[in-house]
Amino acid sequence: GKSADTIVSQVGMIVEKIKKDSPQTRLYIQSVLPVSDYYNLFTAATLRGDVVKDINKGLEALSKKENLTYIDIYSLFIIPGTDKLNEQYSNDGLHLMGKAYLKWAELIRPCVIE
C-alpha cells in the first residue's frame, strides 16, 4: 500500500547503507515484476500495476543516479502490448511458477556473471 516514491526512497536508503558499509560490493537493481488482475485474486497487489510501473521508473532513475546496473525484467514478463503479467508465468496474477523463475535466472545471468 506504499507509494512508488516511498518504495524507491527506501531502496535508495538500502543502496546507501550497502555502499557505505561494503564499498566493494557490486550492486544491481532490477525492476519489479508486473502483476495481472486477470484472475481477480490478491487484488490489493494486482490492482496496483500502475504503481509498479512508477516504481520501476524510479528504480531506473535511482540506478543512473547511483551508477548501478539496472536490470529490466518487467518488460520481458508482460503480455506484449499490455502492462500485465503474462499468464504463462503465473496462475494467480501475482506469484510466479517455475517456468518464470527459470526465465528470470536466464535474464539476469549475463549481468551477474561477468
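Residues numbered from 1 in each chain as written. Predicted model: local features only at pLDDT ≥ 70, side-chain atom pairs only at ≥ 80, totals over all residues. Heavy atoms only, no water.

Things to note about the overall build of the protein chain
Helix and strand counts for the protein chain stand at four helices and two strands. In sequence order, the protein chain lays out its α and β elements as α-β-α-α-β-α. Projecting the C-alpha coordinates of the protein chain onto the three principal axes gives extents of approximately 45 × 30 × 20 Å. Sorting the 114 residues of the protein chain into buried and exposed places 31% on the buried side. Counted over contacts in the protein chain with a minimum sequence separation of 6, partners at least 24 positions apart contribute 64%. When the accessible surface of the protein chain is totalled, it reaches about 7,200 Å², and 55% of it is carbon and sulfur. (Helix = DSSP H or I, 4+ residues; strand = E, 2+ residues; numbered from the N terminus. Buried < 20%, exposed > 50% of the residue type's maximum accessible area, 1.4 Å probe, protein only. Contact = heavy atoms within 4.5 Å. Areas by Shrake-Rupley, 256 points an atom, 1.4 Å probe, with all protein chains shown as cover.)

Points about helix 1 (residues 4-21)
Along an α-helix, a turn takes 3.6 residues, which lines up residues three or four apart on a common side. Between its terminal C-alpha atoms helix 1 stretches 26 Å, which fits the 26 Å expected from 18 residues at 1.5 Å a residue. Turning to helix 1, its buried residues number three or more, namely Ala-4, Val-8, Gly-12 and Val-15. For helix 1, the arc enclosing every buried residue in end-on projection is 70°, short of the 170-degree limit, so these residues lie on one face. Facing away from the buried side of helix 1 by over 90 degrees, the exposed positions are Ile-14 and Lys-20. Looking at the packing, one finds that the buried side of helix 1 touches strand 1 (28-30) and helix 3 (49-66). (Expected span 1.5 Å × (residues − 1). Arc of directions from axis to C-beta.)

A word on the nonpolar core
Counting nine residues, the largest nonpolar core consists of Ala-4, Val-8, Val-15, Leu-27, Ile-29, Ile-55, Leu-59, Leu-62 and Leu-68. Elements with a minimum of two residues in this core: helix 1 and helix 3. For Val-15, the residues in contact, after removing those within four places along its chain, are Leu-27, Ile-29, Glu-66 and Leu-68. By size, the runner-up hydrophobic cluster in this structure holds eight residues, among which are Ile-73, Phe-77, Tyr-89 and Ala-100. (Core = buried A, V, L, I, M, F, W, Y, C linked by side-chain atoms within 4.5 Å.)

A short note on the confidence of the model for the protein chain
Do not read the predicted coordinates in detail wherever pLDDT is low. With 100% of its residues at a pLDDT of 70 or more, the protein chain shows a mean pLDDT of 95. Per-element confidence in the protein chain is highest for helix 1, whose mean pLDDT is 98, and lowest for helix 2 (residues 43-46), whose mean pLDDT is 92. (pLDDT = per-residue confidence, 0-100.)

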